[in-house]
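Notes for the structure review
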Amino acid sequence: MALQQISSFAAGQWVAPGAGARTIASAITGAPIASAGNDALDVLAMLDHARNTGGPALRKLGFHDRARMIKALGQALTARKAELYAASFDTGATQSDHLIDIDGGIGTMFVFASKGRREMPDGQIYLDGEVEQLSRNGTFLGQHVCTPLQGVAVHINAFNFPVWGMLEKLAPTLLAGVPSIVKPATNSCYVTELAVRIMLEADILPAGALQLVSGGLGDMLDHLDCQDVVSFTGSADTALKLRSNPVILQNAVRFVAEQDSLNASILGPDAEPGTPEFDLFIKEVAREMTTKAGQKCTAIRRIIAPQPRVEAVIEALSARLSKTVIGDPRDEATRMGALVSGGQKADVLAKAAIIGQEAEQVFTMDPGLSGDLANGAFVPPMLFHCADPDHAQRVHDTEAFGPVSTVMGYRDMDHAVALANRGGGSLVTSLITHDADVARDVVMGAGAFHGRIYINNRDSMKESTGHGSPLPHMVHGGPGRAGGGEEMGGVRGVKHYMQRTAVQGSPEMLARIGGKWVPGATEVAGPAHPFTRRYDELSIGETLNTASRTVTMDDIEHFAHFTGDTFYAHMDDAAAKRNPFFPGRVAHGYLLLSFAAGLFVEPNEGPVLANTGLDGLRFMKPVSAGDSIKVRLTVKKKTRRTDEYGEVRWHVTLTNQDDEMVAEYELLTMNAY
């Protein structure tokens, strides 16, 4: 059978394998299936194409435009994911594994697309935090903003997730407005290449936004500068080699690493055999050992249980692992496939032997494979028990990147936390307990050493996503051995590809830069009541100043009895005067909001479709009977939501007869285009 020719996509052209190409074998049979790599790739042309073609085109788009683009890419991949499933079997992955890699990657695209539309502005500058007042009278202000880096993101990915590994980096990068050069691990690059072809054939991305290196990067990293980012997933040794590149160090190139991780799972002291928590713990550990044949950066490598329950854990876990069906991942009965390659199999067995110097192997099995499968990269689950984890070292610093894990006992929770932290920093540690006090102690003791702490029990297990599932909403990364990097985490992940800049100036300058009205900036009088004007007709800073209304004692008493809010400050003058906040009986805050709405609302049918809430409500000064209030209503921000309507954020202030501010908030309405 002819070998698949896995190409690179460089500077707008597909480049077939050439000098320096490597042969790729099937993880199932060990037979050659593909060839990839070309030492003649013009890396300077690729960088130039990204920086000077892809980057400017992406930056012309707003966040919402990029979010729609990412959603469309996800839809294109969804339509052809059966092709990706078929290609991925030769990596040793089962159909269940495909759901994590391929469906999980596509789902990550959709999450970032949604967050881009809902949490980021309909513009090109991201405002990071609130305005800071830098002067007494508010004429000189500060605002942190984020703008796209003007370089390229080089994504170097691991072999175990050829689709998710690419998409979880690509989605936030594109949303930030930065082009990407993707370099998958060669052993599984044929799956990544297919995914890239699908996205490029959909004709959604601007030229230069996405390129692919199937094979080695050559000297690409030697040509990066301060506007570029390297995001790496793989071994600690490779990460150290890459981040030590003199050009990366000299130019302060951003380097994000997600690397080796001795993740742990702790069985809480309350989780006795027979409890839902004990059964859940065994299920989670077994799943993490066998999913992707244990080739997950988040897999459980160390199983930490109360010393009196170690024997029960080993017995229950061995019984569950013994039911694992190992074999051809294309067979529906198979529950665990192969490692990605023969080289990886040899590495896992060598690392397991190192662990075996300090721990006793208490479970393995003979998968009974024959024929072509006998030449595949299959390794059965291997469970070890370390009787003296305090004096052991290899079980805490050696990661066998396969279906290998070690059980160890703890004396008390402080000991359990100390053992978990012996890994020197991990992507995730999990805790199975129904005791909230235990959970708090673990977070306090272990939080500094772990990027994520996953806590599960009978209350959450039906909907939980699992120890080993990084979610795009949450940070993925960890300190120390785990690389010190951080990916995803919603909009946090987008900002890794942007520069945070402190901008200082007048309210007018900040309003113009951020596309968001700032108190003190110019107010514009519209030609008609703003509630009669459509979304596109409203201008940032357009302001309505209302007439005033006097608040009477009858108003206060009627509101109190009508609503049932007879709090003493509104009904008992003597008691109110004893309160340091009030001069005597005062109007209800919500009465003032109701009167404010009555002052600024246009009652007739018009482009305002709905009032969807208010944010940041503050009451600054009490209003007594006889005081009057008036309202200033200003268009603060506009955000497109659907093809029919957009959100208008109004800045609302209530002032009294002495022009003193008594209340302030932001009103949200949905307005028709």
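Basis of the calculations
- Residues numbered from 1 in each chain as written.
- Predicted model: local features only at pLDDT ≥ 70, side-chain atom pairs only at ≥ 80, totals over all residues.
- Heavy atoms only, no water.
- Pairing = 2+ DSSP bridges.
- Helix = DSSP H or I, 4+ residues; strand = E, 2+ residues; numbered from the N terminus.
- Axes fitted to C-alpha atoms, helices over the stretch in contact; angles between N-to-C directions.
- Contact = heavy atoms within 4.5 Å.
- UniProt positions renumbered as here; feature names shortened; annotations may be inferred.
- Core = buried A, V, L, I, M, F, W, Y, C linked by side-chain atoms within 4.5 Å.
- Buried < 20%, exposed > 50% of the residue type's maximum accessible area, 1.4 Å probe, protein only.
- Polar contact = N/O pair within 3.5 Å; in protein donor to acceptor, adjacent residues only side chain to side chain.
- Parallel < 35°, antiparallel > 145°, perpendicular 65-115°, else oblique.
- Left-handed = near helix turned anticlockwise from the far one by under 90°.
- Phe/Tyr/Trp six-rings, centres within 6.5 Å; stacked < 30°, edge-to-face > 60°.
- Lys NZ or Arg CZ within 6 Å of the ring centre and 35° of its normal.

In the annotation of an unreviewed UniProt entry, the protein is listed under the name Phenylacetic acid degradation bifunctional protein PaaZ and assigned to Ruegeria pomeroyi.

1. Observations regarding the sheet that holds strand 1 (residues 4–6)
As summarised here, the arrangement of the 3 strands in space is 1-5-4, forming an open sheet in which the pairing is mixed. The two strands at the open ends of the sheet, each matched to only one other strand, are strand 1 and strand 4 (22–25). In this sheet, adjacent strand axes meet at a mean angle of 30° when their direction is disregarded. Helix 6 (residues 189–201) contacts strand 1, strand 4 and strand 5 (32–36) of the sheet and is inclined by roughly 70° relative to strand 1.

2. Some thoughts on the UniProt feature "domain: MaoC-like" (unreviewed entry) in the protein
UniProt's feature table lists "domain: MaoC-like" (unreviewed entry) at residues 540–650, given in the numbering used throughout. This span, residues 540–650, is 30% helix and 33% strand, and a straight line between its end C-alpha atoms measures 9 Å.

3. Some words on the nonpolar core
Leu-77, Leu-167, Leu-174 and Met-199 are the most contacted members of the largest nonpolar core, which has 56 residues in total. Breaking this core down by element, the ones donating at least two residues are strand 5, helix 2 (63–79), helix 3 (81–88), helix 4 (95–119), helix 5 (164–176), helix 6, strand 11 (210–212) and helix 15 (491–495). The residues contacting Leu-77, other than those within four sequence positions of it, are Leu-84, Ile-106, Leu-167, Ala-195, Ile-198 and Met-199. Ranked by size, the runner-up nonpolar core spans 37 residues in total, among them Val-348, Ile-355, Val-417 and Val-442.

4. Some thoughts on the environment of Gln-227
With respect to the helices and strands, Gln-227 occurs in the loop between strand 11 and strand 12 (229–233). Judged by its relative accessible area of 27%, Gln-227 is partly exposed. In this structure, the C-alpha to C-alpha distance between Gln-227 and Gly-20, residues 207 residues apart in sequence, is 30 Å. Excluding residues within four positions of it along the chain, Gln-227 makes contact with Leu-149, Gln-150, Gly-151 and Val-152. Within polar-contact distance, the side chain of Gln-227 engages the backbone nitrogen of Gln-150 at 2.8 Å.

5. Structural notes on the environment of Gly-368
Relative to the elements of secondary structure, Gly-368 occurs in the loop between strand 16 (360–363) and strand 17 (382–386). Assessed through its relative accessible area of 56%, Gly-368 is described here as exposed. Placed 154 residues apart in sequence, Gly-368 and Ser-214 show a C-alpha to C-alpha distance of 35 Å.

6. Regarding the packing of helix 2 against helix 4
Two numbers describe how helix 2 lies on helix 4: the axes approach to 8 Å, and their chain directions differ by 160°. As the angle between them shows, helix 2 and helix 4 are arranged roughly antiparallel. Every pair of crossing elements has a handedness; the one defined by helix 2 and helix 4 is left-handed. Every residue of helix 4 that contacts helix 2 at His-64, Ala-67, Arg-68, Ile-70, Lys-71, Leu-73, Gly-74, Gln-75, Leu-77 and Thr-78 is listed here: Ile-106, Met-109, Phe-110, Ala-113, Gly-116 and Arg-117.

7. Quick word on the packing of aromatic side chains
Within the structure shown, the criterion is met by 8 aromatic pairs. Each ring, one from Tyr-535 and one from Tyr-673, has its centre 5.2 Å from the other, and the planes form 75°; the classification is edge-to-face. Linking Tyr-535 in the loop between strand 24 (524–525) and strand 25 (542–545) with Tyr-673 in the segment after strand 30 (661–672), this pair joins segments that are 138 residues apart in sequence. Taking 6.4 Å as the distance between ring centres and 90° as the angle between the ring planes, the aromatic pair formed by Tyr-590 and Phe-619 counts as edge-to-face. Here Tyr-590, found in helix 20 (residues 589–600), pairs with Phe-619, found in strand 27 (residues 608–619); they are 29 residues apart in sequence, far enough to count as distant. The structure contains a cluster of three or more aromatic residues connected by ring pairs, namely Phe-531, Phe-600 and Trp-650. Above the face of the Phe-63 ring, Arg-66 is positioned so that its terminal group lies 5.0 Å from the ring centre. Looking at Arg-549, its charged tip hangs above the ring of Phe-595, at a distance of 3.6 Å from the centre.

8. Some details on the sheet that holds strand 18 (residues 404–410)
Spatially, the 7 strands line up as an open sheet ordered 16-17-18-15-14-19-20, and their pairing is mixed. In this open sheet, the two edge strands, each paired with only one partner strand, are strand 16 and strand 20 (453–456). Between one strand and the next, the sheet's axes are offset by a mean angle of 25°, whatever the strand orientation. Relative to strand 17, strand 16 runs antiparallel, the two being bridged by 3 bridges.

9. Digging into the pairing of strand 12
Counting buried positions along strand 12 gives 5 out of 5 residues, so the element sits mostly inside the fold. Because side chains alternate across strand 12, one face comprises the buried residues Val-229, Ser-231 and Thr-233, and the other comprises Val-230 and Phe-232, equally buried. Two elements, strand 9 (residues 153–156) and strand 12, share 4 bridges in a ladder whose sense is parallel. Residue pairing in the sheet places Val-154 in a bridge with Val-230 of strand 12. Pairing of strand 12 with strand 13 (residues 254–258), which is carried by 5 bridges, proceeds in the parallel orientation. Paired with Val-229 across the two strands is Arg-254, which belongs to strand 13.

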